[in-house]
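Listed here are the chains, written in short residue letters.
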Amino acid sequence: MKLIHKTNTWKGHGKQNYYHNEYFEEGTKIIMYKINEFKSFDGKENKWNTVKNAVKFWDKSDINLPEWLKKKLK
């Protein structure tokens, strides 16, 4: 799994809630993950948590693969 691109972070709902997207090359597939980083309190201390969800998939030869992403593969 190879990271191709990481977007800038943007704020979510709440004070300690952030998002960004990561695009990975996995064999012949390109996968876009949405990453959510948030702070929670476990009763003793604040702790950062990360949730990673795959939201889009493309094949390298897919005509729907965005042009800017095709350029990153070269």
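Please refer to the structure higher up on the page.
This report concerns the structure included in the present document. Everything quoted here is computed from the prediction, not taken from an experiment.

Cut-offs used in this document
- Residues numbered from 1 in each chain as written.
- Predicted model: local features only at pLDDT ≥ 70, side-chain atom pairs only at ≥ 80, totals over all residues.
- Heavy atoms only, no water.
- Buried < 20%, exposed > 50% of the residue type's maximum accessible area, 1.4 Å probe, protein only.
- Helix = DSSP H or I, 4+ residues; strand = E, 2+ residues; numbered from the N terminus.
- Pairing = 2+ DSSP bridges.
- Phe/Tyr/Trp six-rings, centres within 6.5 Å; stacked < 30°, edge-to-face > 60°.
- Lys NZ or Arg CZ within 6 Å of the ring centre and 35° of its normal.
- Salt bridge = Lys/Arg side-chain N within 4 Å of Asp/Glu carboxyl O.

Observations concerning the pairing of strand β3 (residues 17-26)
Of all 10 residues that make up β3, seven are buried, and the element is covered over most of its length. Summarising the sheet, strand β1 (residues 2-6) and β3 pair through four bridges and their orientation is antiparallel. When the sheet's bridge partners are listed, K2 is paired in β3 with E25. Looking at chain direction, strand β2 (residues 10-11) and β3 are connected through two bridges and run antiparallel. Bridging across to β3, W10 finds its partner in Y19.

So, the packing of aromatic side chains
Taken as a whole and assessed by the stated rule, the structure comprises five aromatic pairs. When the ring of Y23 is compared with that of W58, the centres are 6.4 Å apart and the planes differ by 20°; the resulting orientation is stacked. In this pair, Y23 sits in strand β3 while W58 sits in strand β5 (residues 46-59), placing the two residues 35 residues apart along the sequence. Per residue, the accessibility class of Y23 equals that of W58, and both read buried. Taken together, a centroid distance of 5.2 Å and an interplanar angle of 90° make the contact between Y23 and W68 edge-to-face. Taken as a pair, Y23 in strand β3 and W68 in helix α1 (residues 67-73) lie far apart in primary sequence, 45 residues in all. Counting every residue linked through ring pairs, the aromatic cluster contains Y23, W58 and W68. Across from the ring centre of Y19, 5.1 Å away, lies the NZ or CZ of K34, which sits over that ring.

Section: the pattern of salt bridges
The full count for this structure, using the stated rule, is three salt bridges. Residue K60 is joined to E25 by a salt bridge in which the shortest nitrogen-to-oxygen separation is 2.4 Å. With K60 in the loop between β5 and α1 and E25 in strand β3, the pair connects residues that are 35 residues apart, well separated along the chain. What makes E25 buried here is its relative accessible area of 18%. Residue E67 pairs with K70 through a salt bridge whose shortest N-O separation is 3.4 Å. Here K70 and E67 lie together in helix α1, a separation of three residues that amounts to about one turn. Note on E67: relative accessible area 52%, which makes it exposed. Overall, K70 belongs to the partly exposed group, its relative accessible area being 24%.

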